[in-house]
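One letter stands for each residue in the lines below.
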Amino acid sequence: MTPPAKILVVEDEVKLAHFIELELKYEGYEVVVASDGLAGLAAAREANPDLVVLDWMLPGVSGLEICRRLRMTSNKVPIVLLTAKDDVSDRVAGLDAGADDYVVKPFSIEELFARIRAHLRRTQEEETDVLEFTDLHLNTSTREVYRGARSIELTAKEFDLLEYLLSHPRQVLTRDQIIERVWGYDFVGDSNIIEVYIRYLRLKLEADGEKRIIQTVRGVGYVLRE
């Protein structure tokens, strides 16, 4: 059974926060509530929510600043901003700070729920396309690769090789398996091609001094592990 999505609500208006909390729980979500900016920022980092409902105007640290700080640390949690500000410049500022969506106060709870469902659905779809190992992320749809916050440019064959390794973490893959899966069973070139591409990958994955995660198993092949 899939666990319920966890929603973080950061709102300093106690009655509104309590109302949103009760309605979300009634819909089956797990809810965490914070009433000021600092508590909200800490909860966003520690509670690992699936989505954040975030008030713009908060004591301590503003909602906009929370957005900026989360995005600076590559936290990609969907953020729905609650705001009384409806000028185009305000909306642009919210989106530029890292918010994914906004709902203008006063709002209907049905509209908020619709936005929440849409972002959770989109996140779930994206997650099925992402392979991860430690701080390495590979998106099979967009063909983007990140080591932490650092984007890594790969050639088509480097990407295919890394995708195969990421699909079988901690599993020793023989040279024959790699050749067949990445280059094709009818490949007749130099078998040293694997060593060449492993070296290319290591140079790119470790360019900023990161730990090696593609390990050599002598006489057998390679394995993705710390």
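Keep in mind the model is a prediction, meaning the values are calculated, not measured. (Residues numbered from 1 in each chain as written. Predicted model: local features only at pLDDT ≥ 70, side-chain atom pairs only at ≥ 80, totals over all residues. Heavy atoms only, no water.)

## Concerning the UniProt feature "modified residue: 4-aspartylphosphate" (unreviewed entry) in the protein
1) Next: Summarizing the sequence annotation, UniProt attributes the feature "modified residue: 4-aspartylphosphate" (unreviewed entry) to Asp55 in the numbering used throughout.
2) Next: When you line up the elements, Asp55 lands in strand 3 (residues 51-55).
3) Next: A relative accessible area of 4% places Asp55 in the buried class.
4) Next: When residues no more than four places from it in sequence are discounted, the contact partners of Asp55 are Val10, Glu11, Asp12, Gly63, Leu82 and Lys105. (UniProt positions renumbered as here; feature names shortened; annotations may be inferred. Helix = DSSP H or I, 4+ residues; strand = E, 2+ residues; numbered from the N terminus. Buried < 20%, exposed > 50% of the residue type's maximum accessible area, 1.4 Å probe, protein only. Contact = heavy atoms within 4.5 Å.)

## Thoughts on the sheet that holds strand 10 (residues 173-174)
1) Next: Strand order in the open sheet formed by 3 strands is 10-12-11, with antiparallel pairing between adjacent strands. The open sheet has two free edges, formed respectively by strand 10 and strand 11 (214-217), since each of these has just one partner strand.
2) Next: Taken together, the 4 bridges between strand 11 and strand 12 (residues 221-224) define a ladder with antiparallel strand orientation. In the strand pairing of strand 12, Gln215 is matched with Val223.
3) Next: Along the sheet, helix 8 (residues 193-205) contacts strand 11 and strand 12; its crossing angle with strand 11, the most-contacted strand, is approximately 150°. (Pairing = 2+ DSSP bridges. Axes fitted to C-alpha atoms, helices over the stretch in contact; angles between N-to-C directions.)

## As for the side chain of His119
1) Next: Structurally, the position occupied by His119 is in helix 5 (residues 109-127).
2) Next: Judged by relative accessible area, His119 falls into the buried class, the value being 9%.
3) Next: Apart from the residues within four sequence positions on either side, His119 is in contact with Leu51, Pro78, Val80, Asp100 and Asp101.

## A closer look at the pairing of strand 12
1) Next: Looking at chain direction, strand 10 and strand 12 are connected through 2 bridges and run antiparallel. If you follow Thr174 over to strand 12, its bridge partner there is Gly221.

## Remarks on the pattern of salt bridges
1) Next: If you walk through the whole model with that rule in mind, you get 16 salt bridges.
2) Next: The partner of Asp100 in a salt bridge is Arg71, and the shortest N-O contact between them spans 2.9 Å. With Asp100 in the loop between helix 4 (88-97) and strand 5 (101-104) and Arg71 in helix 3 (residues 63-72), this residue pair connects regions lying 29 residues apart in the sequence.
3) Next: A relative accessible area of 24% places Arg71 in the partly exposed class. (Salt bridge = Lys/Arg side-chain N within 4 Å of Asp/Glu carboxyl O.)

## Points about the domain arrangement of the protein
For interface size, the figure often reported is the accessible area lost on association.
1) Next: Split by domain assignment, the protein resolves into domain 1 (6-128) and domain 2 (134-224).
2) Next: Placing the centre of domain 1 and that of domain 2 at their C-alpha centroids yields a distance of 37 Å. (Domains from an automatic or database assignment.)

## Details of the nonpolar core
Side chains of nonpolar character tend, in soluble globular proteins, to be buried together.
1) Next: By size, the foremost hydrophobic cluster in this structure holds 26 residues, and its most contacted members are Val145, Leu161, Leu162, Ile178 and Ile214.
2) Next: Sorting the residues of this core by element identifies strand 7 (136-139), helix 6 (156-167), helix 7 (175-183), helix 8 and strand 12 as the ones contributing at least two each.
3) Next: For this core, the element with the most residues is helix 6, which contributes 6 residues.
4) Next: Counting residues in each nonpolar core, the second largest holds 20 residues, with Val10, Leu41, Ile79 and Ala99 among its members. (Core = buried A, V, L, I, M, F, W, Y, C linked by side-chain atoms within 4.5 Å.)

## Points about unusual backbone geometry
1) Next: The linkage connecting Lys105 with the following residue, Pro106, adopts the cis geometry, with an omega of -10°.
2) Next: Topologically, Pro106 is positioned in the loop between strand 5 and helix 5.
3) Next: Even without glycine at this site, Asn48 takes up a positive phi of about 55°.
4) Next: By the element assignment, Asn48 lies in the loop between helix 2 (37-46) and strand 3.
5) Next: Residue Asn48 is classed as exposed on the basis of its relative accessible area of 61%.
6) Next: Of note, the phi angle at Arg143 is positive, near 60°, even though the residue is not glycine.
7) Next: Mapped onto the elements, Arg143 comes out in the loop between strand 7 and strand 8 (144-147).

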